[in-house]
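These are the residues of each chain, in order.
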Amino acid sequence: MIVLVVNCGSSSIKYQLYEMPEKKVMAKGLAEKVGESGSMLTHRRGDEKFELTQNIPNHKVGIELILSCLTSPEMGVLSNVKEISAVGHRVVHGGESYSDAMRIDQDVMTCIEECSDLAPLHNPPNLIGINECRAALPGVPMVAVFDTAFHQTLPRAAYLYPLPYEAYEKYRIRKYGFHGTSHAYITHRAAAILGKPVDQVNLVTCHLGNGCSMAAVRGGKSVDTTMGFTPLAGLMMGTRCGDIDPAIIPYLLSKPEYANKVAEIDKMMNKKSGLLGISGVSNDMRDLGDDAAKSGPDSRSKLAIDMFCYRVKHYVGAYMAILGRVDAICFMGGIGENGADVRAECLSNMENFGVLVDTEKNKTLRGKEGDISTDGSKIKILVIPTDEEGFIAEETYNLCK
Ligand code: ADP
């Protein structure tokens, strides 16, 4: 069975074609700057890479171009688009309606639309992607895999904010959590590595990429997570601030420079903060590592790295306390999978809690699966490359096979 996975952003379309159930990647690619000048498509088949610089004025043209690449005699892997049996779509927000992947019907479409208010930058392009795929592949089942779904098991005490209860009832203000596909995939993978049924594993999962989030997983289910009502909450990220005192916002608004500039403050918190905001150098952890090595321990790059690790450690402690028993702490995402120094720092001085990093194993493990804890560590420390697209393909296959 051939499954196409589509992740449609406001100006990009990521895709990956799978042969299931083997989860073999047949082809993949990315259409960038859709609707903007300089649009292009990068298509990959095995080790071959094809770059097409051409006008992609909208998502409809983008999807058609992707399907024509998949079936082209020079670049393709299919003889006809009819070989595609199902399409899995990444959808950012499913609100409180969905705790699992769903076959897309009118009800699901309506829900995604209703949640656009909660995720105005993400749900509308997700909907466009679904509609364009439906038009291009009539009759092919479509599945929505929601970023929020895995966190729908949070207990009320964890997902409510201590605002007046009406804020929840009237405006749906609560913690939703994001990166759910990544935390769900890692939970399944960690259970397999630990040799335990999924419903018996307790984990602290740390997705550290450009966007960062952590989850506390009890019995295979998310019971708390760092992102909140939006993906701005929780950890310090590449350009996002994460948790700050909410009173900072009205305080800034009271200053002449920021009077009535809500959009600017929003941009500051989302695009100009985090690693970039503190270092003034880059949002990229590799650049900060290089700059800190060059500029020394008093540099702002070093400070940004220290703050990043401090905040991860803060939540590791919090989630260990919430879970009581922890089988493993898991690292994934670009920084989690590759950043040995960051991993070591996040878990430093935790011997008393049964967390011991094996320095050598940690140093040598980059970008692949492994255990970096010492033999004496009570809690395993796992590095697991995340595979959100593969997880979406699996969910789609399971619903459509
Ligand atoms: P996204 O959230 O956009 O998918 P990624 O998961 O690819 O991002 O993570 C990007 C981050 O991973 C960047 O900060 C990058 O510097 C970091 N990263 C990648 N490789 C390394 C490395 N070898 N050491 C430290 N950080 C790394």
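Whatever comes next refers back to the structure up there.
What you are looking at is a predicted structure, and each value in this text was computed from that prediction instead of being measured. (Residues numbered from 1 in each chain as written. Predicted model: local features only at pLDDT ≥ 70, side-chain atom pairs only at ≥ 80, totals over all residues. Heavy atoms only, no water.)

Draft legend 1. Examining the packing of aromatic side chains more closely. Scanning all chains against the criterion turns up five aromatic pairs. Measuring from ring centre to ring centre gives 6.0 Å for Tyr159 and Tyr168, while their planes differ by 55 degrees; the resulting arrangement is tilted. Taking 5.6 Å as the distance between ring centres and 50 degrees as the angle between the ring planes, the aromatic pair formed by Tyr315 and Tyr319 counts as tilted. Taken together, the positions of Tyr315 and Tyr319, both in helix 11 (residues 300-323) and four residues apart, correspond to about one turn of that helix. Take Tyr315 and Tyr319: they sit in the same class, and that class is buried. Here the basic side chain of Arg174 rests over the ring of Tyr159, its NZ or CZ set 3.6 Å away from the ring centre. (Phe/Tyr/Trp six-rings, centres within 6.5 Å; stacked < 30°, edge-to-face > 60°. Helix = DSSP H or I, 4+ residues; strand = E, 2+ residues; numbered from the N terminus. Buried < 20%, exposed > 50% of the residue type's maximum accessible area, 1.4 Å probe, protein only. Lys NZ or Arg CZ within 6 Å of the ring centre and 35° of its normal.)

Draft legend 2. Representation of the pairing of strand 12 (residues 328-332) in the model. Across the five residues of strand 12, five count as buried, placing the element largely inside the fold. Of the two faces of strand 12, both are covered, the one formed by Ala328, Cys330 and Met332 as well as the one formed by Ile329 and Phe331. Pairing analysis gives five bridges linking strand 9 (residues 203-208) to strand 12, with the strands arranged parallel. Opposite Leu203, over in strand 12, you have Ala328 as the bridge partner. Bridge count for strand 12 against strand 14 (residues 380-383) is four bridges, and the pairing is parallel. Bridged to Cys330 within strand 14 is Leu382. (Pairing = 2+ DSSP bridges.)

Draft legend 3. Molecular detail of the sheet that holds strand 3 (residues 24-32). Spatially, the eight strands line up as an open sheet ordered 5-4-3-2-1-6-8-7, and their pairing is mixed. Strands with a single pairing partner mark the edges of an open sheet, and in this sheet they are strand 5 (48-53) and strand 7 (102-103). Of the strands in this sheet, strand 6 (84-91), strand 7 and strand 8 (142-146) are in contact with helix 2 (residues 106-114), which crosses strand 8 at around 35 degrees. (Contact = heavy atoms within 4.5 Å. Axes fitted to C-alpha atoms, helices over the stretch in contact; angles between N-to-C directions.)

Draft legend 4. Layout of the environment of Ile248. Within the secondary structure, Ile248 is located in helix 7 (residues 248-253). You can call Ile248 partly exposed: its relative accessible area is 38%. Along the sequence, Ile248 and Leu276 sit 28 residues apart, while their C-alpha atoms lie 19 Å from each other.

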